[in-house]
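Architecture and fold: a report
Chain by chain, the residues:
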Amino acid sequence: RIALAHILPDDPVALSNVVAMLVSPQQTERFYAAQESGSFTHHPGFHPDLLLPALADTDGEVRANASFSIGEFGPRATNAVPALRSLLSDPYRLVSICAAYSLARIDPSTAAECTDAVVNALNRSADLSGMVAPYFFASTGPKAIGALPYLEKALTNPAGPLSSSSVAMALWQVTGKATPAMITVQGLTRPLRL
């Protein structure tokens, strides 16, 4: 159904089948529809507001996928800002970090509060936070300066969810500087190419 909506963008039935998946009684359908909805940013009939109910889904995996996907629409998804703000404190796995990524993409003025949510998720080693955080730092850059203490500590103590190279890259994206410690990255024998 998702592939057909991409293949047949002018077919309203194909799109309505995807929208129906977002509110399906089957968790698996809601999960995949929420996960793939971010790929519909250029689909003529898909509006980011279609994801709003998924942000309040009873299933954490659906909330996480919807939270990440809605950010792909950027400022077009401003109606999601209140829901994403409330998800910054969602305790389920990676929901808060996905919400932070999207909220900062939709409304860059929220970067500081989003950075706090990302650092909190990384500090508690939230499941999959090490996979989402690099997207956040790449899209937020210097606006995530509040993460600097966490990143500097993580560079010398690589026990957290971010890999050493992800920490070094995030430091470079946030500060614009590549110090010798960042370039050699703790434990690597060859320099990291930035």
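Residues numbered from 1 in each chain as written. Predicted model: local features only at pLDDT ≥ 70, side-chain atom pairs only at ≥ 80, totals over all residues. Heavy atoms only, no water.

For the rest of this paragraph, the subject is the packing of helix α2 (residues 12-22) against helix α3 (residues 27-36). Geometry of a packed helix pair, given as the angle between the helix axes and the separation of the axes. At a closest axis distance of 7 Å, the pairing of α2 and α3 adopts a crossing angle of 120°. Of the possible angle classes, the one that applies to α2 and α3 is oblique. Considering how the two elements wind past one another, α2 and α3 form a crossing that is left-handed. Here Val18, Met21 and Leu22 of α2 come into contact with α3, specifically with Glu29, Arg30, Ala33 and Ala34. Tallied by class, the residues present in the contact of α2 with α3 amount to five nonpolar, no polar and two charged. (Axes fitted to C-alpha atoms, helices over the stretch in contact; angles between N-to-C directions. Helix = DSSP H or I, 4+ residues; strand = E, 2+ residues; numbered from the N terminus. Parallel < 35°, antiparallel > 145°, perpendicular 65-115°, else oblique. Left-handed = near helix turned anticlockwise from the far one by under 90°. Contact = heavy atoms within 4.5 Å. Nonpolar A, V, L, I, M, F, W, Y, C, P; charged D, E, K, R; others polar.)

On to the packing of aromatic side chains, then. This structure, assessed with the given rule, holds seven aromatic pairs. Considering the side-chain rings of Phe68 and Tyr101, the 4.5 Å spacing of their centres and the 10° angle between planes classify their relative orientation as stacked. On the criterion of sequence distance, the pair formed by Phe68 in helix α5 (residues 60-71) and Tyr101 in helix α7 (residues 95-106) is long-range, its members being 33 residues apart. With a centroid separation of 5.5 Å and 70° between ring planes, the pair formed by Phe136 and Phe137 is classed as edge-to-face. (Phe/Tyr/Trp six-rings, centres within 6.5 Å; stacked < 30°, edge-to-face > 60°.)

What sets the pattern is the α-helix's 3.6 residues per turn: residues three or four places apart point alike. Those residues of helix α10 (residues 148-156) that fall on the buried side of the exposure criterion are Tyr150, Leu151, Ala154 and Leu155. Each buried residue of α10 lies within a common arc of 135° when the element is viewed along its axis, so the set occupies one face. Facing away from the buried side of α10, by more than 90 degrees, are the exposed residues Pro149, Lys153 and Thr156. (Buried < 20%, exposed > 50% of the residue type's maximum accessible area, 1.4 Å probe, protein only. Arc of directions from axis to C-beta.)

All right, on to the side chain of Ser24 then. Here Ser24 shows up in the loop between α2 and α3. Ser24 sits in the buried class, given a relative accessible area of 7%. In terms of polar contacts, Ser24 uses its side chain to reach the backbone amide nitrogen of Gln26, at 2.9 Å. Within the structure, Ser24 has its side chain in polar contact with the side chain of Glu29 (distance 2.8 Å). Among residues more than four places away in sequence, those in contact with Ser24 are Glu29 and Arg30. (Polar contact = N/O pair within 3.5 Å; in protein donor to acceptor, adjacent residues only side chain to side chain.)

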